[in-house]
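Observations on the model geometry
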Amino acid sequence: MKPLAGMTLDELRRVTSSLGMPKFAATQLAQWIYGKRVTSFDEMLNISKANRQRLEAEYCVGLYAPESAQKSEDGTVKYLFDAGEGKKVESVYIPDDDRATLCISSQKGCRMNCYFCMTGRQGFHGNLTANQIINQVLSIPETHTLTNIVFMGMGEPLDNLDAVLNVIEILTSDWGFAWSPKRVTVSTVGVKPALRELVEKTQVHIAVSVHNAVAEERQSMMPLEKVYPIRDVMDMLGEYDFAHQRRLSVEYIMWQWFNDDIKHAEALREIIPDEHVRVNLIRYHLIPEIPKLRTSSDERMAQFRDYLNGRGITCTIRRSRGEDISAACGMLAGKVKSQEESAKPQKR
């Protein structure tokens, strides 16, 4: 059965047209799936029984629950989802006062091969479909309380651009979630052509994972630097207006004695296109497989922050969340513990 969740309104219209259903039925389907979060056709009471039977013969709603959940001491929850072919992906729910953010995955693994990232170290096993991406949003218990979505989970979102664009359309269209694009952030290591397309087709916030503005050093940790130098990526982003409707931010993981001194702060300042860009400094979370990397001290992170703030660039140190359940930045790996290898969720 082909899932309807993850389809855009145009795609739903093609479905209803092929089944001989009225034109308005596509909007009804979108409202039931994305507005009311129903999981079966039987719940779609304003669609005739005959049309529900036509749908059931070829399609399913396509929502399925996470296989497991781990809750951190700070309230963060990491969810594990089946991604097919024996692979798993993780999403992270982050409550914070009046905000409730969900960090979602876009790929099974990642082919960017960043040295410090657990997802990248497990290899690439395929793109997630729009259904598998939006299901992460629709199928967690907190779905109705979410205020923000960040494409910052497993995978490089811009390496799966078509599916990501479809999900953004669902999140921001009147027939979908009807969210403001300001509630959505897409994180990227800098896939330049796809990034330009994203910026021109949407109004979502952009977060660029820089981590080191010295080209040779960045390339040693992030191979994409050789193909799309971060200086060129930031120059391109400087062509667009990030002062009003959307935000451009820089993500910067800090490693002791590698990228955390004033020389590196100055190198970062030089590639930032204007004063509206925000810099988020991120504590590195120790990964056993990478023993040589260590997180920067509080003092060095504060010096780095103050240097940039003193030169007109807003820079903050991000509060770490979910480290005790391996849900922090760079730690998602889709690993399955033996006790989690229970029954598969049922498609509905």
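Everything numeric here is computed off the predicted structure, so don't read it as measured data. Throughout this description, residue numbers start from 1 for each chain and increase along the sequence as written. Per-residue local features are limited, in this predicted model, to residues with pLDDT of at least 70; the limit for side-chain atom pairs, both in listing and counting, is 80 or more; totals at the level of whole chains, interfaces and linings are taken over all residues. Note that the side-chain values use all heavy atoms of the structure and ignore hydrogens as well as water.

Below, the discussion takes up the packing of helix H6 (residues 161–172) against helix H7 (residues 192–201). Angles shown run from 0 to 180 degrees and are taken between the N-to-C directions of axes, each axis being a line fitted to C-alpha atoms and, for helices, limited to the stretch in contact. Note on conventions: DSSP H or I runs of at least 4 residues are helices, E runs of at least 2 residues are strands, and numbering of each starts at the N terminus. Taken N-terminus to C-terminus, the directions of H6 and H7 make an angle of 15 degrees; their axes are 11 Å apart at the nearest point. Relative to H7, the element H6 is oriented roughly parallel. Relative to H7, the crossing made by H6 is right-handed. Residues Leu 161, Leu 165 and Ile 168 of H6 lie in contact with H7, whose contacting residues are Ala 194, Glu 197, Leu 198 and Lys 201. Residue classes follow a fixed rule: Ala, Val, Leu, Ile, Met, Phe, Trp, Tyr, Cys and Pro count as nonpolar, while Asp, Glu, Lys and Arg count as charged, and any other residue, Gly among them, counts as polar. When grouped by side-chain class, the residues that make up the contact of H6 with H7 number five nonpolar, no polar and two charged. Each angle is binned into one of four classes, with values under 35 degrees roughly parallel, values over 145 roughly antiparallel, values of 65 to 115 roughly perpendicular, and all other values oblique. Two helices crossing with the near one rotated counterclockwise from the far one by less than a right angle form a left-handed crossing, whereas a clockwise rotation gives a right-handed crossing. When checking whether two residues touch, look at their non-hydrogen atoms; a contact exists if any pair is within 4.5 Å.

This brings us to the environment of Ser 105. Locating Ser 105 in the fold gives a position in the loop between strand E6 (99–103) and strand E7 (107–109). Linking Ser 105 and Met 301, residues 196 residues apart in sequence, is a C-alpha distance of 28 Å. Ignoring any residue separated from it by four or fewer positions in sequence, one finds Ser 105 in contact with Val 89, Glu 90, Ser 91, Leu 128, Ile 133, Gln 136, Gly 153 and Met 154. A polar atom in the side chain of Ser 105 sits 2.5 Å from the backbone oxygen of Glu 90. N or O atoms closer than or at 3.5 Å make up a polar contact, with two conditions inside protein: a donor-capable atom paired with an acceptor-capable one, and, for residues adjacent in sequence, both atoms drawn from side chains.

So, on to the confidence of the model for the chain. The quantity called pLDDT is the predictor's confidence in a given residue, expressed from 0 to 100. Here the chain averages 93 in pLDDT, and 95% of its residues register 70 or above. For the stretch residues 337–348, pLDDT sits under 50, and the model shows 24 contacts to residues farther than four places along the chain or on other chains.

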